[in-house]
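If you want the building blocks of each chain, they are given just below.
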Amino acid sequence: PAPATESSPMTVSSTIVNRQIAPVTLRTGSGQRVLVVEDEPAVAHLIADVLAEEGHKVEIVLDGRDGLDRAANGNYALIICDLRMPHLDGRGIYRELTAKGSPMRHRLMFVTGDTLAPHTLEFLEKSGLPFLAKPFLVEELKAVVEQALFAAEQSSRGTARHATASAGGSTILR
């Protein structure tokens, strides 16, 4: 689909392992600032390349501590953060932003390869933030990012719906 603009809605739809993601009309504009905090360079660059193609302005940091500094001092539409990283992980970044009362805590989206661990599922459920399970399809990434941007906008207005996706599963707004 063509990139969305402030005035033109975008419908996101993707086939994932013979199941259809429910189409969602979004009104997020392209050119959003996105921070990617991911310790695996190949994954970080894949995410950045896909989002840059969608018209977003993407910054990458490969360390959670640097990610926290940028998140705390920056104004990002979305922060895509790996849950498991050395030094400071995604949970730690979320806890720090929450403790500081930073509005960036509502603009987090997690990527993780650890969706089966009970403590990970519990954290993701309690946080209520969108996440994407690794490995993921490019179309899943695009759909969840657009929905996460939409949810972040709604969160600032008081009503949020969050997106989650897992490989081989559907994107769900909740």
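Residues numbered from 1 in each chain as written. Predicted model: local features only at pLDDT ≥ 70, side-chain atom pairs only at ≥ 80, totals over all residues. Heavy atoms only, no water.

Trainee: Before we move on, can you summarise the packing of aromatic side chains with the specific residues and values?
Mentor: Taken as a whole and judged by the stated rule, the model has two aromatic pairs. Arranged with centres 5.6 Å apart and planes meeting at 80°, the rings of Y94 and F123 form a pair that is edge-to-face. Linking Y94 in helix α3 (residues 90-99) with F123 in helix α4 (residues 118-127), this pair joins segments that are 29 residues apart in sequence. Pair check on accessibility: Y94 and F123 agree, each one buried. Relative to F123, the ring of F110 has its centre 5.4 Å away and its plane inclined at 65°; by these criteria the two rings are edge-to-face. (Phe/Tyr/Trp six-rings, centres within 6.5 Å; stacked < 30°, edge-to-face > 60°. Helix = DSSP H or I, 4+ residues; strand = E, 2+ residues; numbered from the N terminus. Buried < 20%, exposed > 50% of the residue type's maximum accessible area, 1.4 Å probe, protein only.)

Trainee: How would you summarise the pattern of salt bridges if you had to cite specific residues and measurements?
Mentor: Within the structure shown, the criterion is met by 11 salt bridges. For the salt bridge of E54 with K142, the shortest nitrogen-to-oxygen distance reads 3.5 Å. One end of the pair, E54, is in the loop between α1 (41-53) and β6 (57-61); the other, K142, is in helix α5 (residues 138-157), and 88 residues separate them in sequence. Residue class for E54 comes out buried when judged on its relative accessible area of 14%. Between R65 and D63 there is a salt bridge whose closest N-O contact spans 3.1 Å. Beyond isolated ion pairs, a larger network of salt bridges with shared partners links E38, E40, D82 and K134. (Salt bridge = Lys/Arg side-chain N within 4 Å of Asp/Glu carboxyl O.)

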